[in-house]
Structures are given as C-alpha cells and as structure tokens.
Amino acid sequence: MARIKPLHGPTLVTSPDRPSPFPPRLPGSLPATLPLVIIGAGQAGLSLSALLQEAGVEHRVLEAETVGASWQRRWDSFQTNTANATMALHDHAYAGDDPEGFMGAPEVIRRLRDYADERSLPISEGCAVQRVTPESGGYAIETSDGLIRAGAIVVATGEYRRARMPRVPFAPGPGLTVLHSGDYRSPRQLPDGGVLVIGGGQSGAQIAQDLRDSGRSVHWSLAQRHSHTRRLRGKDSMTWWDMAGRIHQHVSEAAAVLAGEADALRKARTAEFPLISGKGRAGLGSSISLLAMHRAGIRLLGRLQGFEGNIARFADVRPQLRTAIEATRTEYAYLDSLASAYYATRPEPRTDDARYIPEEVYLHWEPDAAPRELDLQAAGIRSVVLATGFVAEWPWLDVQGVLDAHGYPLGEFGVSPHPGLFFIGMHNLQRMSSSFLCNGGRDARDLLPAILRHLDQGGGTAPGQG
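Residues numbered from 1 in each chain as written. Predicted model: local features only at pLDDT ≥ 70, side-chain atom pairs only at ≥ 80, totals over all residues. Heavy atoms only, no water.

### Side note on the overall build of the chain
Here comes step 1: Helix and strand content of the chain: ten helices and 26 strands.
Here comes step 2: Taken over C-alpha atoms, the radius of gyration comes to 23 Å for the chain, in line with the 23 Å a tight globule of 466 residues would show.
Here comes step 3: Taking the principal axes of its C-alpha atoms as reference, the chain extends roughly 65 × 65 × 45 Å.
Here comes step 4: Scored against the burial criterion, the 466 residues of the chain give a buried share of 51%.
Here comes step 5: Nonlocal contacts in the chain, meaning residues at least 24 apart in sequence, comprise 71% of its contacts between residues at least 6 apart. (Helix = DSSP H or I, 4+ residues; strand = E, 2+ residues; numbered from the N terminus. Rg over C-alpha atoms; globule rule 2.2 N^0.38 Å. Buried < 20%, exposed > 50% of the residue type's maximum accessible area, 1.4 Å probe, protein only. Contact = heavy atoms within 4.5 Å.)

Shown next, in the form of structure tokens:
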C-alpha cells in the first residue's frame, strides 16, 4: 500500500520504497584516499568513469542506491522520449533489434548495469554521500561506508532532487489526494473520480494521457510549452535534429549567444524541450498533440494562479494555446526543410508518418475559452497530480560559492569556480543532450581535460600514479 501523509491540508500520497529488481554490487572496502570521486552512477557518471578508466585515473563512483536507480522512479507505462538507436554512452552505441522503438525504465537500467559490468567500472553501490567539505589539497567525503579524501569530486547526481511545489498560493482542502509526479506510478494509486494535473512539461502531458487512457476524467493546467513532431518523412525527428547538429550543439554555440544577445546563455541553459512521447500504438512513439488531447476529452486549462480549499484559479488558456500552435507549426516547417534538403539528392521513401505529426500543424484550431475558476468538488475531481518539476539541491555539498540562487552550478560548463569540483549530467549544462541518454559521453569528454589539468597540477594523484 502507498504511504499517506498530510501536506498543506490535503492528502499527499507517496509511493512505497520498491525494491530494485537488480541486486546491488558488493562495493568492497573504500580506499582512504583517491585522486577523484564521482558521485552518482547514472548515464553521465558511468560515461565519465569509463573515460577516467581509459586515462588511467584511479577513482571510485559512489552510488547511494544502485546503478541507474533514478530510472526506477518512473511511472509504470513510462517510455523514453528518444529512440533506442540514439542511446549511447562513451564508446558504446545501441546494437539491439529495435532501433526505432523506445525503452521502458527497466530496460534502461539493465543496459546501464550491463555497461558498468562489461567495463568493470569501480562502483560502490549503497554508499550514500552524507557531507562533502573542502580541505587542503582536496575534499573530505563523509559516506555511509566511512570517510574518503579525494583531490577532485564530480557531482553526477542530476538536478531532479526534491519535488517542487507550485510557485503560487497552494492550499488544497483536506478531502483531496495530492501526488507529485515523482511518486506517480499508475492511476490505481488515486481514488476514483476525476484528476487535475498541474504542470505542462513532459511528465504532466504524459501523465494526463495515462490517466485519460485509463478512463479518468482529466483536467490539465498547462505551462507554456509547444508540441514536437515525432516522425517526419521516414525518420524520427531526433534524427533530423541530430543531422542538423542541434541536439549536441554546445550552448556556447547557440546563435543568440554568438550574436552577443543579452542573457542568451542563461536562456539557452534554461530552455525546455518541446512536448513529445515515446509511447505509441505502432511502437514508434507519438507526438503530444494539444489538439488531439483536447479532442480526446482532456480539459485544457491555463497556468495555475492559486489554489485554496476546493477552488483552483487559472490564467486564460487561449493565449498559451495560440503561442504553442504557432511554435509547433514553426518547428514542423524547420524539420520539413531539413528533410527536403536531405532528399534533394536521394530518393525519399513512402511513409505513413502523418499520424506522428501534431494535429494542430494541419488542422485549423481556434481554442475555446476554458474555466478561469474550477470548483473541484463540483467537477468530481478527487485527486491532484503535481507535475511541477524538481528543485536542484545537494544538501550534503558543504562548499560555499559554487551554486547560484536557483541551485545551479556556477562556473564554466561544469567546471566549478572552486578548484577540483565538477558537475556533469545536468539539464543543458553543456548542450541540449547533457541530461539525455543520447549524450554518448560528449559532456564527459569535454570535461575530462579540465579534470586532468587539475590532477596534474597537484589537486590529486596524477593519472597512472594512483
């Protein structure tokens, strides 16, 4: 059964701790000193570990749970948003029999673990970092398995650490069940009745679809996000983006940054990817069409403005939808131009990819007015799912002057202003793919020279000498 605890008056449901289907490795004893420690054994940490291993740098990866554990915190029907063929770690590409399909979370975990096993990466699982403090020549790392001293540390835990609550007044009544997307697994967790989903990112869109597919009445309060075409003219759209050099383009090379526009780098760092899904009846994913969701009976609402008792207030959804429609059509036109240039010198296959294009691209849609105020009790809504994102935080990182006011690392693309401290695998940290499975170790390879320079300059044992 799920655990239930009070939060702001309503009932907040959190998922029980589900045992991992993969037994943890025996970490063995931790060395007292190391040149370098990586904290986190996800895709970014594993790729960097493999590179350090090739460079002869003694190190250890500390993982509080098991390899790829963050992928266990996905809902039951979850599938990745990028096709299998694009999944890549350092010096490792997908070689399975379903390149155009989309993995579920268990397969992602299995492939990460296989990568770690095949390379015999030095990973200590079940080793939780409790505190990191700077000291002369490096860092002291207090862990659940004891104290380690290291010349350098790489934080590879990602930024999706603590559930974010809505940033507007939010005090739902005690008769409602409130669940954050990080704890959502399936509609069965929620009591019978309608559901209000708050948050318009990937999770909010896909959870709204999952609930509607189960027969629930769904209201969805959107953020400002447009829809992405899933497939176009015989190829997954990620292939077109990759061929255009956009997925792996460094944020410093964005057009606005190169043009010297004010605040361009911050905007590139905080840009969100359009809505898209790996789920689809034909096994090739689907677009997340706002018009299709509207036609399926999901009530689209504007941004949440406030929530008290059983009354929720929203902005006018129509300007949001009109902006999203325009952006969706603009992006489709750009992808279509890439495809036209590609097929100008080669034959184009016949496809049925029209079903993977958001309906608002080719159907006229003038959005209707939606309620600005909603009485959840009167509407039969008994549950609220918060897809409001996460807060970046590392409470164990006791190092001053390395994070901005939002918890994002200061410094140059993962190289902290504090010597010997590095970050990897965060959203847009170096490029759009920085936190994606398709990164292929690009960020790790870019970060490696700075790490080696630090170690060679006396910040830790030099490569091959540890």
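### Observations concerning the confidence of the model for the chain
Here comes step 1: In this model, the chain carries a mean pLDDT of 88, and residues with pLDDT of at least 70 account for 92%.
Here comes step 2: Across residues 1-24, confidence stays below pLDDT 50; counting only partners more than four residues off in sequence or on other chains, it has 63 contacts.
Here comes step 3: Here residues 461-466 is a poorly scored stretch, pLDDT under 50, and it has 14 contacts once near neighbours within four places are set aside; other chains count. (pLDDT = per-residue confidence, 0-100.)

### Some points on the sheet that holds strand β21 (residues 304-309)
Here comes step 1: The sheet built from four strands is open, its strands ordered β12-β21-β22-β23 with mixed pairing. Across the chains shown, the open sheet's two edge strands, defined by having one partner strand only, are β12 (170-172) and β23 (373-375). Averaged over all adjacent pairs, the angle separating strand axes in this sheet is 25 degrees, with direction ignored.
Here comes step 2: As defined by bridge partners, β21 adjoins strand β22 (residues 311-314) across four bridges and the pair is classed as antiparallel. In the strand pairing of β22, glycine 306 is matched with arginine 313. (Pairing = 2+ DSSP bridges. Axes fitted to C-alpha atoms, helices over the stretch in contact; angles between N-to-C directions.)

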